[in-house]
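So the chains spell out like this:
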Amino acid sequence: MSMTNWAGNLTFGAARVHRPSTVDAVREIVAGAERVRVLGSGHSFNDIADTPSDLVSVAGLPAEPRIDATAGTVTVAGGVRYGELATFLDAEGLALHNLGSLPHISVAGAVATGTHGSGAALGSLATAVAGVELVTAGGELVRLERGDPDFAGSVVALGALGVVVGVTLEVRQSYTIRQHIFEHLPRKVLDARWDEIATAAYSVSLFTTWAGDTVDQLWLKLADGEEPDGFGAVPATRPMHPIAAMPAVSCTEQGGVPGPWHRRLPHFKLEFTPSSGEELQSEFFVARQDAVEAFAAVERLRHLVTPVLQISEIRVVAADDLWLSPTYGRDSVALHFTWIKDAARVEPVVAALEEALAPLSPRPHWGKVFHHAARPSRLADFLALRDRLDPDRKFSNAFVERHVAAE
Ligand SMILES: Cc1cc2nc3c(=O)[nH]c(=O)nc-3n(C[C@H](O)[C@H](O)[C@H](O)COP(=O)(O)OP(=O)(O)OC[C@H]3O[C@@H](n4cnc5c(N)ncnc54)[C@H](O)[C@@H]3O)c2cc1C
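Now for a look at the structure at hand. Every value quoted in this text rests on a predicted model; they were computed, and no experiment measured them.

1. Observations regarding the overall build of the protein
Working step 1: A tally of helices and strands in the protein yields ten helices and 19 strands.
Working step 2: Compactness check: the protein gives a C-alpha radius of gyration of 20 Å against a globular reference of 22 Å for 407 residues, within 12% of the reference.
Working step 3: Burial statistics for the protein: of 407 residues in total, 59% are counted as buried.
Working step 4: In the protein, the share of contacts with a sequence separation of at least 24, taken over all contacts with a separation of at least 6, comes to 73%.
Working step 5: Total accessible area computed for the protein in this model is approximately 15,900 Å², and 52% of it derives from carbon and sulfur atoms.
Working step 6: Across the protein, the 35 positively charged side chains and the 49 negatively charged ones have centroids separated by 2 Å.

2. Focus: the site of the ligand
Working step 1: Close to the ligand lie 35 residues, the nearest being V38, G40, H43, S44 and S106.
Working step 2: At 2.6 Å, a side-chain N or O of S106 approaches an oxygen atom of the ligand.
Working step 3: Between the ligand and T113, the relevant distance is 2.8 Å, taken from an oxygen atom to a side-chain nitrogen or oxygen of the residue.
Working step 4: For the ligand, the protein covers 98% of the area, taking 970 Å² as the surface of the free molecule.
Working step 5: Among the elements of the structure, β2 (36-39), α3 (107-113) and β9 (163-170) are those that each provide at least two residues to the shell around the ligand.
Working step 6: Residues that form the shell around the ligand fall into these classes: 15 nonpolar, 17 polar and three charged.

Cut-offs and rules
Residues numbered from 1 in each chain as written. Predicted model: local features only at pLDDT ≥ 70, side-chain atom pairs only at ≥ 80, totals over all residues. Heavy atoms only, no water. Helix = DSSP H or I, 4+ residues; strand = E, 2+ residues; numbered from the N terminus. Rg over C-alpha atoms; globule rule 2.2 N^0.38 Å. Buried < 20%, exposed > 50% of the residue type's maximum accessible area, 1.4 Å probe, protein only. Contact = heavy atoms within 4.5 Å. Areas by Shrake-Rupley, 256 points an atom, 1.4 Å probe, with all protein chains shown as cover. Lys, Arg positive; Asp, Glu negative; His and termini not counted. Charge placed at Lys NZ, Arg CZ, Asp CG, Glu CD. Near = heavy atom within 4 Å. Polar contact = N/O pair within 3.5 Å; in protein donor to acceptor, adjacent residues only side chain to side chain. Nonpolar A, V, L, I, M, F, W, Y, C, P; charged D, E, K, R; others polar.

Right, here's the structure in full:
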């Protein structure tokens, strides 16, 4: 039976799919394979995880979460999903600094692409990583920790350095978040007060179709001590879905009701499993200070964008030092597009967006639909690291050759 990604827009071309249940089995498979790629939970929208050769799914490795209270970390298997990890941590009174919008995504897969939530002071999920345990090309088990010279190259690594079998993440004491939603933020206010809006809460998201003279929704996820300010938008009087016309039953509790971090930071409930992906996604990162120009560039293309768009989300992410990260060295605004599931209509619009944003040096989300990725500033360091860990490019694939290996 053919195997697809979550969205169903990619059928994996792997000759063999392995589902090892021990690290030793992973080592054996890698050592014996000529070419190999790793599959997380398959939530990427492009061929980043694909290969014509051997594909290793790490979903079957035992989760084995281990807390190190002294170091303030938890170590888990790479295939563990954020939802499971969050539930485990919360029961221990612990938390992560942030979460993405879907709890079903694997930790190693999310980290490998620089997956993020929102929050001006919050780095991507990869910035919580304090150590990675990798099975490298010869089947060796290698551990890299923050502070090692190569560490910053080994976290957002697109699966090109080896199989991440263990990830150590920084944890903090559990905390409470309240979620307030506002509708119809005047578009002009977004431009005029962008800096204030971007920093108005622990985590801020805006949802828009770019179509009118208001932004559809402003979602504020407030930490203790923060007060909601809608900047002239109207407080929602009912539970909201990011697409206002959709029922909000799947959404996390709103209306300012305090709740644990993992039941407020994701927009959707942990127990809600979207059955299939009737969508495609793209996302572009530009400097947070260039956000207003970026909004204008998208709006100039609204005649192309809106007909193929379900919804856009605007988020902010703090800069990091991870070599291939789309938020490397730059506090960023992330412009996300949930498209209709029609690649033939969506791809030309993505190309037009890339061209329109080009003066702002956009960086794509590695796991979503894009055509062009600017050369990462630390690419040479990353390729040197790859040459040391994987001199024969066992872990490469067409995606990696296209976007990061071409000098
Ligand atoms: C509904 C939905 C919501 C999303 N929400 C967000 C969001 O809020 N924020 C955001 O930034 N992104 C979001 N994404 C994108 C998603 O987080 C990324 O595509 C992420 O990389 C998917 O993780 P995965 O485990 O499915 O990885 P896969 O898609 O399976 O793989 C992605 C990459 O990770 C590598 N990889 C996976 N596991 C390992 C491993 N164990 N060792 C080494 N390499 C590995 C693969 O080789 C590949 O290169 C969303 C996607 C969907 C479908």
